[in-house]
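# Notes for the structure review
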Amino acid sequence: MSNLIEIKNVSKTYGNYKALDNISINVPRQSIYGLLGPNGAGKTTLIRMLNQITAPDEGSIIFNGETLNRSHITQIGYLPEERGLYKSMKVGEQAIYLAQLKGVSQKDAEKRLKSWFNKFDILNWWDRKVEELSKGMQQKIQFIVTVIHNPQLLIFDEPFSGFDPINVNLLKKEILELRDKGATIIFSTHNMASVEELCDNIMLINKGKKILEGSVYQIKQDNKENKFEVVLRNSEIQEFRNSGGCVLPEGFSIISADDKDVNSETTLVISADKEINPNVLINYLSEKGTIISYRELLPSMNDIFINKVNS
Amino acid sequence: MNNLSIILKREYLTRVKKRSFIILTFLGPILFAALMIAPSLLMIKSEKMESKKAIAVLDETSWFEGKFENTDVNTFVYYDENENIDSLKKLVFEGIYDAVLYIPMTSLNIPVNAKLYSNKQIPMTLSSHIRNSMKQEVEHQKLLASGIDPKIVKSVQTNINVATIRMDSENEEKTSYAELEYIIGLLLAAVIYFVIFIFSSQVMRGVIEEKTNRIIEVIISSVKPFELMMGKILGIAMVGLTQFALWVVLTLAIYFVASGIILGPEILSPSGTVMTEQIEQLTEMSKSQDVMLEAVNMIQSINFSAILWSFLIYFIFGFLLFAAVFAAIGSMVDNETDSQQFSTVVALPLMISIICAPTLVNNPDSSLGLWLSMIPFTSPVAMMIRIPFGVPYLQVGISLSILIITFVGITWIAAKIYRTGILMYGKKPSWKEIWKWLRY
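Quick look at the structure, then. None of the values given here were measured: they were computed from a predicted structure.

### A word on the environment of Gly136 of chain A
Residue and element names in this part refer to chain A. Mapped onto the elements, Gly136 comes out in helix 4 (residues 135-147). Looking at Gly136, the number of C-beta atoms within 10 Å reads 12, which means it is exposed. For the pair formed by Gly136 and Phe163, sequence separation is 27 residues and the distance between their alpha carbons is 5.7 Å. In this structure, Gly136 is in contact with Gly162, Phe163, Asp164 and Asn167, ignoring residues within four places of it in sequence.

Listed below in structure tokens is the structure:
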């Protein structure tokens, strides 16, 4: 069984509003799966279904080969977008309480929490009240209680919102570490940079419908526009261009040329026809001057997101 | 430990450890004990506290010469009828007298008016002493004038004592003391009204807290909303019962200790209730064996264990019913201000039963009483009013059954509203939307 989660033809309707429309996805074990989509797309509804807060009207969800049921609750850790803690409760007490609700015994909870608190260097917060802590501090605690029961599946809804850059990095490191230790992670976000950095697979949904799914690599490949960026030594290319030889081989055309700085380099952005082997371009240009760098321009997830949602 | 008990434990412990709970737990009994001790204390001390008073009497009618009896605190000094009232008034300011009693000559033959001048507040006991003495004397004179010997009148005066006896069964007869039952009924109604209201609105505040804290989603990803709701309701019920038990124990303890110190040991009787004590004083004053016996009967006629048990049962189920409704309300709103529209509607039946309380104590077995003790939202209050008077077991059984069935039904509905409501943010739902939630 290579998939931890299999969502099959799931739909959910609230009144006249179709929150999810026939969604199917597979989440491979020990991978990071990104749920992308604009606000109101249905991400939270899907996440709440995985947490059994709501149930699908149609379709089924398979967890670890079994139909999702209450016994899986302790196998899932959830950090919701709307998250908080009891303000007037002490940090340690509260963390133990939340761990107990996930089926960890009080003794184990205390032991594990102390080691996490130690790791994050926040052991001195144990007896402080939550209301005395800053928002970022509270989020660290929320992260800890999300993972305290060593769940197989971790669901993070906008995990980075409200964190400062230092803590975002800390969190990313922890998320990757958790995956490497065997956890499967689903995370929902608007932060496209973190998607490219972290996700193995993604699904893009809009208005309850799936519009894109696959591995980050594949999606980029599927959406690329065959653009290349070549950097050439400036003096040489100047000669090449002045000689009127600014004509590229058939199937290639220059989109932009940046040669403001006469003494250094020129950056060319070149588009190519689909079937053409890009090596032709390299061979051609290498005769004209020295190629400093060459790379294929792949669309960012941000571009793909905006493109797909708008269309 | 299952989820319900984990939640219950948290709800209970966080509340019991709160400073406000501890303060209220200790303040309550002090207040109650003070309420119990104060009347007896005042009764005993008032005489000692009352200062001696000298009263000058200027009686122009000459009817009352020597008719005002001197007491421990009041001394009457009689002046000649030709004495000037103004010069006597001056003596008050000079501190020679505390008051001047002026009985002016009237055009009628019978003096019915008097004036009591003083530069200080006149104690009620003094004015009533004067009034009674005058009344007695005038009546005496009137009787003489009509040719009736006052002694005969006195001899025909008879005190009639009607003992009201309720027959609960053919062999069981009980003397009922409506006045005492009246007081106990009203007191219990007020207490149960307040405790149900205070503790069930705590449930609402707890739910709103979880919503505004945004912790709710974390918790219901671990437990069912129903478990969370019931854990909260039951935890707060336990808080209520704990507070209640502590109040009873502490009140009695403080009462015993304080009355021992303040009132002296002779006041304390083994049963130690305020009734016996006040009645003992009554006994002492009237020096009548009958009253003493009557008092003991009175206390014994009240079935305290029945009252205590029914209070507990009606508190528990009344609380559970209202708590479920308040939990649903809490889930529908984002802050307490928004909850008022809904909670007023819910609290209305409780208020109605409180408004009907005076009618109910006057006639506990009326059809109004019967109906109010059957309707589940009014029955806890209505029944607490009626129970001191005695209610047939069948009625209590039916009333409790209706209450429990309604509680189960309402909890089921409340859970449905709660389940949806806790995840809704931003706007107050309309009644139509709530109806929709019920059918999700």
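After that view of the structure, there is still more to cover.
### So, the interface of chain B and chain A
Each side of the interface is counted separately: chain B has 15 residues, and chain A has 18 residues. Those elements that provide at least two residues to the side of chain B that touches chain A are helix 1 (3-16) and helix 7 (216-220) of chain B. Looking at side-chain class alone, the side of chain B that touches chain A contains 6 nonpolar, 5 polar and 4 charged residues.

### Some thoughts on unusual backbone geometry
All names here are of chain A. You will see that Asn64, though not glycine, has its phi angle at about 55°, which is positive. In this fold, Asn64 is placed in the loop between strand 4 (58-63) and strand 5 (66-67). Overall, the presence of 16 C-beta atoms within 10 Å leaves Asn64 in the partly exposed class. With phi around 50°, Lys207 is a residue other than glycine that occupies positive phi space. Within the secondary structure layout, Lys207 lies in the loop between strand 9 (201-206) and strand 10 (209-215).

### Re the packing of helix 11 (residues 304-332) of chain B against helix 12 (residues 336-355) of chain B
Residues and elements named next belong to chain B. In the contact formed by helix 11 and helix 12, the axes pass within 9 Å of each other and the chain directions differ by 160°. Judged on the interaxial angle alone, helix 12 and helix 11 are roughly antiparallel. For helix 11 against helix 12, the interelement crossing comes out right-handed. Between helix 11 and helix 12, the residues in contact are Phe322, Val325, Phe326, Ile329, Gly330 and Met332 and Ser339, Phe342, Ser343 and Val346, respectively.

Parameters and conventions
- Residues numbered from 1 in each chain as written.
- Chains lettered and ligands numbered in written order.
- Predicted model: local features only at pLDDT ≥ 70, side-chain atom pairs only at ≥ 80, totals over all residues.
- Helix = DSSP H or I, 4+ residues; strand = E, 2+ residues; numbered from the N terminus.
- Buried ≥ 20, exposed ≤ 12 C-beta atoms within 10 Å, placed from the backbone.
- Contact = placed C-beta atoms within 7 Å.
- Nonpolar A, V, L, I, M, F, W, Y, C, P; charged D, E, K, R; others polar.
- Axes fitted to C-alpha atoms, helices over the stretch in contact; angles between N-to-C directions.
- Parallel < 35°, antiparallel > 145°, perpendicular 65-115°, else oblique.
- Left-handed = near helix turned anticlockwise from the far one by under 90°.

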